[in-house]
Amino acid sequence: MRRRHSVIPRRAIFVGVEGISDRAFIRFLERYCERKRLHLYLDVKPAGGGDSVTVVETAARHISKRSGYSEQLVLLDNDRIRQDKKAGRNAEFVASANRLEIILLNPNLEGLLLKLHSGQERRQVRSQDALKELRKVWPEYDKPPTADQLDQRFGVSDLLRVAQHDEHLQKLLEILGLI
């Protein structure tokens, strides 16, 4: 009699993002999840730009067509969400109404990538300066980055170091099971 191997089901997590740079960051994280054999499926949906409310609305439309997600997240730039609030667009309200949890990139993805460099983890930069400051420590940085480039540049130890100083990154890593 043949012995059957049991297949561990993958936990599905939805992640709405603004664009392809953010998608590359999530794919980079997904590689660490695979290496740790966490049995996750990250369904990443880029909105293709727009303000924070547009990103959340795009994510909400996507999840309304599917079910079975254990978590429903949306990554937003912290600087952008504040600007949108001033303009009367409240992404937090739209996310809450659609049961989406917001994970903020502080101040944005380039600012987070800057912090992933050793010695930069506590660095606070303005969003308009983040790309310029990132290129000082990573002159070859090209936007949008690929998951391969991020994987070659950073390790899980960089993520864990920064998460000690960034509650949103820490929350994301906890949800994924990397912490």
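Starting from 1, residues in each chain are numbered consecutively following that chain's sequence as written. Residues qualify for local features only when their pLDDT is at least 70, as the model is predicted, and side-chain atom pairs are given and counted only at 80 or more; totals for whole chains, interfaces and linings, by contrast, use all residues. Values shown for side chains rest on all heavy atoms present in the structure; no hydrogens or waters enter the calculation.

Another point: the overall build of the chain. Secondary structure summary: the chain contains nine helices and four strands in total. For helices the rule is a DSSP run of H or I covering at least 4 residues; for strands it is a run of E covering at least 2, with both sets numbered from the N terminus onward. The order of α-helices and β-strands along the chain, N terminus first, is β-α-β-α-β-α-α-β-α-α-α-α-α. As a reference, a globule follows 2.2 Å times the number of residues to the power 0.38, and the radius of gyration itself is taken over C-alpha atoms. For the chain, the C-alpha radius of gyration of 17 Å lies close to 16 Å, the compact-globule estimate for 179 residues. Taking the principal axes of the C-alpha coordinates as reference, the chain spans close to 65 × 35 × 25 Å. The buried share of the chain, taken over its 179 residues, is 50%. We call two residues contacting when some pair of their heavy atoms lies within 4.5 Å. Considering only contacts within the chain whose residues lie at least 6 apart along the sequence, 70% involve residues at least 24 apart. Of the roughly 10000 Å² of accessible surface on the chain, 45% is carried by carbon and sulfur atoms. The rule is simple: take the accessible area with a 1.4 Å probe, protein chains only, and divide by the maximum for that residue type; under 20% is buried, over 50% is exposed, in between is partly exposed. Note on areas: Shrake-Rupley, 1.4 Å probe, and residue coverage restricted to the protein chains presented here.

This next bit is on the packing of aromatic side chains. Side-chain rings of Phe, Tyr and Trp (the six-membered ring for Trp) are treated as a pair once their centres are within 6.5 Å; stacked means planes under 30 degrees apart, edge-to-face means over 60, and tilted covers the remaining angles. Applying the stated criterion to the full structure yields five aromatic pairs. With a centroid separation of 6.1 Å and 40 degrees between ring planes, the pair formed by phenylalanine 25 and phenylalanine 28 is classed as tilted. Placement of both phenylalanine 25 and phenylalanine 28 in helix H1 (residues 20-35) is noted, with a separation of three residues, approximately one turn of the helix. Classification of phenylalanine 25 by relative accessible area gives buried; the value is 0%. Aromatic ring contacts, followed pair by pair, group Phe25, Phe28 and Tyr32 into a single cluster. In this scheme, Lys NZ or Arg CZ marks a charge over a ring once it lies within 6 Å of the ring centre and within 35 degrees of the ring normal. The lysine or arginine in question, arginine 35, covers the ring of tyrosine 32, its NZ or CZ lying 4.8 Å from the ring centre.

Take unusual backbone geometry next. Cis peptide bonds are those with omega within 30 degrees of zero, and the linkage from asparagine 106 to proline 107 qualifies with -10 degrees. Within the secondary structure, proline 107 sits in the loop between strand S4 (101-105) and helix H5 (109-115). Cis peptide bonds are those with omega within 30 degrees of zero, and the linkage from lysine 143 to proline 144 qualifies with 0 degrees. In this structure, proline 144 sits in the loop between helix H6 (127-137) and helix H7 (147-153). Although it is not a glycine, arginine 99 adopts a positive phi angle of roughly 55 degrees. For arginine 99, a relative accessible area of 69% gives the class exposed.

Bringing the pairing of strand S3 (residues 71-77) into the picture now. Burial runs high along S3: five of the seven residues are buried. One ladder, built from four bridges, connects strand S1 (residues 11-17) with S3; its direction is parallel. Bridge pairing in S3 places valine 15 opposite leucine 73. Of the pairings in the sheet, the one linking S3 to S4 comprises five bridges and is parallel in character. Looking at S4, one finds that leucine 75 is bridged to isoleucine 103. Should DSSP find at least two bridges between two strands, the strands are taken to pair.

Our focus in this paragraph is the environment of aspartate 77. Counting through the fold element by element, aspartate 77 comes out in strand S3. Among the residues examined, aspartate 77 registers a relative accessible area of 15% and is labelled buried. Setting aside residues up to four positions removed in sequence, aspartate 77 forms contacts with Glu18, Leu105, Pro107, Asn108 and Leu109.

Structurally, lysine 115 can be placed in helix H5. Positive residues here are Lys and Arg, negative ones are Asp and Glu, while His and the chain termini are left out of the count. Salt bridges are defined as contacts in which a side-chain nitrogen from Lys or Arg sits within 4 Å of a carboxyl oxygen from Asp or Glu. The side chain of lysine 115 is buried and forms no salt bridge, while aspartate 166, the nearest opposite charge, is found at 4.2 Å.

Once that is clear, we can look at the environment of arginine 99. As for its placement among the helices and strands, arginine 99 is situated in the loop between helix H4 (91-97) and S4. Taking the C-alpha atoms as reference points, arginine 99 and glutamate 71, 28 residues apart in sequence, are found 9.3 Å from one another.

Right, let's get into the packing of helix H8 (residues 156-163) against helix H9 (residues 167-176). Two numbers describe how H8 lies on H9: the axes approach to 8 Å, and their chain directions differ by 130 degrees. The angle between H8 and H9 places the two elements in the oblique class. Contact with H8, carried on its side by Leu159, Leu160, Val162 and Ala163, involves Leu169, Gln170 and Leu173 of H9 and no other residues of that element. Polar here means any residue other than Ala, Val, Leu, Ile, Met, Phe, Trp, Tyr, Cys and Pro, which are nonpolar, and Asp, Glu, Lys and Arg, which are charged; Gly is therefore polar. Looking at the contact of H8 with H9 residue by residue, the class counts come to six nonpolar, one polar and no charged. Orientation is described by lines fitted to C-alpha atoms, with helices fitted over the stretch in contact, and by angles between N-to-C directions that extend from 0 to 180 degrees. Comment on the angle field: the value is read as roughly parallel under 35 degrees, roughly antiparallel over 145, roughly perpendicular from 65 to 115, and oblique elsewhere.

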